[in-house]
Amino acid sequence: MVSLRSYIITRLLLVIPMIFIVLTVIFIVLRILPGDPVITVLGPKSTIEERERLREMLGLNKPLYIQYIEYLSNIIKGDLGRSMIFGRRLVIEEIMDRFPATVELAITSLIFGAGLGILIGSVGALSRRKTVDILSRLYGIISYSFFIPWLGLMLQMGLSIGLGLFPVSGRINPLLAPPRITGLYLVDSLITGRLDSFLNALWHITLPTITLGVVISGIFAKLGRTSFSEVLVQDHVLAARARGIKESTIFRNHVAKNAIVPIMTMMGLQFALLLGGTVLTEATFSWPGMGYLLFERILYRDYNVIQGVLIIFGLLIALINLIVDILYAYFDPRVRF
């Protein structure tokens, strides 16, 4: 078995080519997709001279290998370029404006989805009634197969438009927005003691959280049921029961602690995917996060912003996966073999 330090160094070295591949794929895909960003910026009635002048300014007239070298060089320096459409703002500034909204939605969705899924999965595994177990498995299959925009629209039509219980879109009432500290409205509201802002932000985030949370809860329901079922038949659990220890004590000290390890790993992986995969939810609810920014700029062919958002998503997923791998190796030394 290798040491934890050697394992971490190996994982760090493996992340480098993975990031390199991700950046290369983003570069290639954006340049083979249909649509000309120059024509999108200038309009179809622009002259050839105007187009060539803009291409030269953006560096799009250079050979691809030169563009690729400059692209990697700029990323290393932290320069993601400027928006081609909206006031030539720095891409990194636009991303940082939207990033907290995506993080907030990802965290609340993960808490709700994981909590709901683990509850349903553990009930299915622990119940002695076959019907409950079947319903638990059925929930995992159905919830994970939901199409996010469809589920979001159904909730909007039923709970927002029909019953008026929740807002259709947006993140908070602009008049109640708390002072920006972290950019997370729920956190900033609590820090500044603004209960009205906290409740309004919570009111706005509820439907997007339910939409995304229900879908990912299916994964945790299936994993939770499998994990709890496997631990329940292990020797140490059977020995504890034979000694007459209370079921609640067995569950707390022997079952939950062992069953939660793979679930925690899945939570880390799902959080990474949520950060990069909230596009459909944010577009459905006009949630002003990175996913909605990506959706907007694809419509406008804002080449640099699309590229910048995809790069940040790729780097975040790689970083969180690395952290999850290291934590998993720390808690379960068997993976280091």
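Residues numbered from 1 in each chain as written. Predicted model: local features only at pLDDT ≥ 70, side-chain atom pairs only at ≥ 80, totals over all residues. Heavy atoms only, no water.

Engineer: Requested: an account of the overall build of the chain, with residues and values cited.
Structural biologist: From N to C terminus, the chain includes 14 helices and zero strands. Secondary structure elements of the chain, listed N to C terminal, follow the sequence α-α-α-α-α-α-α-α-α-α-α-α-α-α. Here the chain has roughly 18200 Å² of accessible surface; of this, 68% comes from carbon and sulfur atoms. Distance from the positive charge centre (31 side chains) to the negative charge centre (22 side chains) of the chain: 9 Å. (Helix = DSSP H or I, 4+ residues; strand = E, 2+ residues; numbered from the N terminus. Areas by Shrake-Rupley, 256 points an atom, 1.4 Å probe, with all protein chains shown as cover. Lys, Arg positive; Asp, Glu negative; His and termini not counted. Charge placed at Lys NZ, Arg CZ, Asp CG, Glu CD.)

Engineer: Could you give an account of the nonpolar core, naming the residues involved and the relevant values?
Structural biologist: Ranked by internal contacts, the top residues of the largest apolar core, which has 53 residues, are Tyr 71, Leu 80, Ile 95, Phe 220, Phe 228, Val 309 and Ile 311. The set of elements that each furnish at least two residues to this core consists of α1 (4–32), α4 (64–76), α5 (91–126), α7 (148–162), α9 (195–232), α11 (247–276), α13 (290–300) and α14 (303–331). Residues contacting Tyr 71, with those up to four places away along its chain left out, are Leu 23, Ile 26, Phe 27, Gln 307 and Ile 311. Core analysis: the next-biggest nonpolar cluster, separate from the first, contains five residues, Ile 172, Tyr 185, Leu 186 and Phe 198 among them. (Core = buried A, V, L, I, M, F, W, Y, C linked by side-chain atoms within 4.5 Å. Buried < 20%, exposed > 50% of the residue type's maximum accessible area, 1.4 Å probe, protein only. Contact = heavy atoms within 4.5 Å.)

Engineer: Quick one: what's the story with the environment of Gly 162, residue by residue and with numbers?
Structural biologist: Here Gly 162 lies in helix α7. Other than its neighbours up to four places away in sequence, Gly 162 contacts Gln 156 and Met 157.

Engineer: With reference to specific residues and values, describe the side chain of Thr 102.
Structural biologist: Structurally, the position occupied by Thr 102 is in helix α5. Setting aside residues no more than four positions away along its own chain, Thr 102 makes contact with Leu 275, Thr 278, Glu 282, Trp 287, Gly 289, Met 290 and Gly 291.

Engineer: Tell me about the confidence of the model for the chain, residues and numbers included.
Structural biologist: Confidence in the prediction for the chain averages 82 pLDDT; 94% of positions are at 70 or higher. The weakest mean pLDDT in the chain belongs to helix α2 (residues 37–42) at 72; the strongest belongs to helix α8 (residues 185–191) at 92. (pLDDT = per-residue confidence, 0-100.)

Engineer: Go over the environment of Val 261, please, and point to the residues and values.
Structural biologist: With respect to the helices and strands, Val 261 occurs in helix α11. A relative accessible area of 26% means that Val 261 is categorised as partly exposed.

Engineer: Tell me about the packing of α7 against α9, and name the residues and values.
Structural biologist: Contact pair α7 / α9: the axes reach a minimum separation of 10 Å and the direction vectors enclose 140°. On the basis of their axis angle, the class for α7 and α9 is oblique. As α7 runs across α9, the sense of the crossing is right-handed. When α7 is examined against α9, the residues Ile 148, Leu 151, Gly 152, Leu 155, Gln 156, Leu 159 and Ser 160 are found in contact with a partner set consisting of Leu 207, Ile 210, Thr 211, Leu 212, Val 214 and Val 215. In terms of residue class, the contact of α7 with α9 is made up of nine nonpolar, four polar and no charged. (Axes fitted to C-alpha atoms, helices over the stretch in contact; angles between N-to-C directions. Parallel < 35°, antiparallel > 145°, perpendicular 65-115°, else oblique. Left-handed = near helix turned anticlockwise from the far one by under 90°. Nonpolar A, V, L, I, M, F, W, Y, C, P; charged D, E, K, R; others polar.)

Engineer: Which residues make up the packing of aromatic side chains, and what values go with them?
Structural biologist: Applying the stated criterion across every chain yields a total of five aromatic pairs. Here Phe 27 and Tyr 71 contribute two aromatic rings whose centre-to-centre distance is 5.1 Å and whose plane-to-plane angle is 45°, an arrangement assigned as tilted. Linking Phe 27 in helix α1 with Tyr 71 in helix α4, this pair joins segments that are 44 residues apart in sequence. The same class applies to Phe 27 as to Tyr 71, namely buried. Taken together, the aromatic side chains of Phe 27, Tyr 68 and Tyr 71 make up a single cluster linked through ring pairs. When the ring centre of Tyr 185 is taken as reference, the NZ or CZ atom of Arg 171 above it lies at 3.9 Å. (Phe/Tyr/Trp six-rings, centres within 6.5 Å; stacked < 30°, edge-to-face > 60°. Lys NZ or Arg CZ within 6 Å of the ring centre and 35° of its normal.)

Engineer: Before we move on, can you summarise the side chain of Thr 108 with the specific residues and values?
Structural biologist: Mapped onto the fold, Thr 108 is located in helix α5. Classification of Thr 108 by relative accessible area gives buried; the value is 17%. At a separation of 3.1 Å, a polar atom in the side chain of Thr 108 contacts the main-chain carbonyl oxygen of Leu 105. Not counting residues within four places of it along the chain, the set of residues in contact with Thr 108 comprises Leu 186, Ile 205 and Thr 209. (Polar contact = N/O pair within 3.5 Å; in protein donor to acceptor, adjacent residues only side chain to side chain.)

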